[in-house]
Amino acid sequence: MFAEHPLTGIGPGTFQSYLIDTRPGMAGYYGIGVEQGVSYIPEQPESGYLKILYESGLVGSVAVLLLIGDALRRAFRVLARGPADAAPRTETIAVLAALAAFAVSFSTLYTAGDARIAALLMFLLAVLWHHTPRPRRP
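What counts, and at which threshold
- Residues numbered from 1 in each chain as written.
- Predicted model: local features only at pLDDT ≥ 70, side-chain atom pairs only at ≥ 80, totals over all residues.
- Heavy atoms only, no water.
- Helix = DSSP H or I, 4+ residues; strand = E, 2+ residues; numbered from the N terminus.
- Buried < 20%, exposed > 50% of the residue type's maximum accessible area, 1.4 Å probe, protein only.
- Salt bridge = Lys/Arg side-chain N within 4 Å of Asp/Glu carboxyl O.
- Expected span 1.5 Å × (residues − 1).
- Arc of directions from axis to C-beta.
- Contact = heavy atoms within 4.5 Å.

Novice: Can you walk me through the environment of alanine 98 in this structure?
Specialist: Summarising the element assignment, alanine 98 is placed in helix H3 (residues 86-105). Among the residues examined, alanine 98 registers a relative accessible area of 28% and is labelled partly exposed. Along the backbone, alanine 98 and leucine 121 are 23 residues apart, and their C-alpha atoms lie at a distance of 9.2 Å.

Written out as structure tokens, the structure reads:
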């Protein structure tokens, strides 16, 4: 898929339809569902990272890398401020831990194509981009 469309990819959410169009004879993918008489064609690759690469190509992959880079830059800026900003530092550390767990699980079948996972990722990024404000001093 990537070799055929390296720059822009095959399009968001089109993995399954692309498989059907390009490999019409492949119905029992890895023999899944053959015993039950069900034809199975996967709707995503084995990795969320491959899904980004296949469906959005180099353009989408670079966009994701920019998003990750900016999130990390913002997180490290909050962590470097020092002990005066305890609430934002705690939130940032928690979000970085959650994003690390997300990044590891994203290498398997979890992708942002699932609305629940996409919402969780957007929530975590929103916390990084707009952390808790400091309490006002009287």
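Once you've had a look at it, read on.
Novice: I keep staring at the pattern of salt bridges and nothing clicks. Help me out?
Specialist: Side chains bearing opposite charge may pair, as long as their charged atoms lie close to each other. All told, the structure shown has three salt bridges when counted by the stated rule. Linking arginine 73 and aspartate 70 is a salt bridge whose minimum nitrogen-to-oxygen distance equals 2.4 Å. A residue pair is termed a helical-turn pair when its members lie 3 or 4 positions apart in one helix, as arginine 73 and aspartate 70 do in helix H2 (residues 48-79) at three residues. Looking at arginine 73, the relative accessible area reads 42%, which means it is partly exposed. Here aspartate 70 ties to arginine 74 by a salt bridge, and the two come within 2.9 Å at their closest N and O atoms. Placement of the pair is aspartate 70 and arginine 74 together in helix H2, with a separation of four residues, close to one helical turn. With a relative accessible area of 22%, aspartate 70 lands in the partly exposed category. We classify arginine 74 as partly exposed; its relative accessible area is 25%. A cluster of three or more residues bridged by salt bridges with shared partners is formed by Asp70, Arg73 and Arg74.

Novice: Looking at this model, I keep getting lost on helix H4 (residues 115-129). Mind explaining?
Specialist: One full turn of an α-helix is made of 3.6 residues, so residues set three or four places apart face in the same direction. Look at H4: 21 Å from first C-alpha to last across 15 residues, which is about the 21 Å you get at 1.5 Å a residue. Buried within H4 we find Ile117, Leu121, Leu124, Leu125, Val127 and Leu128. Buried residues of H4, seen end-on, are gathered within an arc of 155° and therefore sit on one face of the element. In H4, the exposed positions angled more than 90 degrees off the buried face are occupied by Ala115, Arg116 and Phe123. The inward-facing, buried residues of H4 contact H2 and H3.

Keep in mind these values describe shape, not function.
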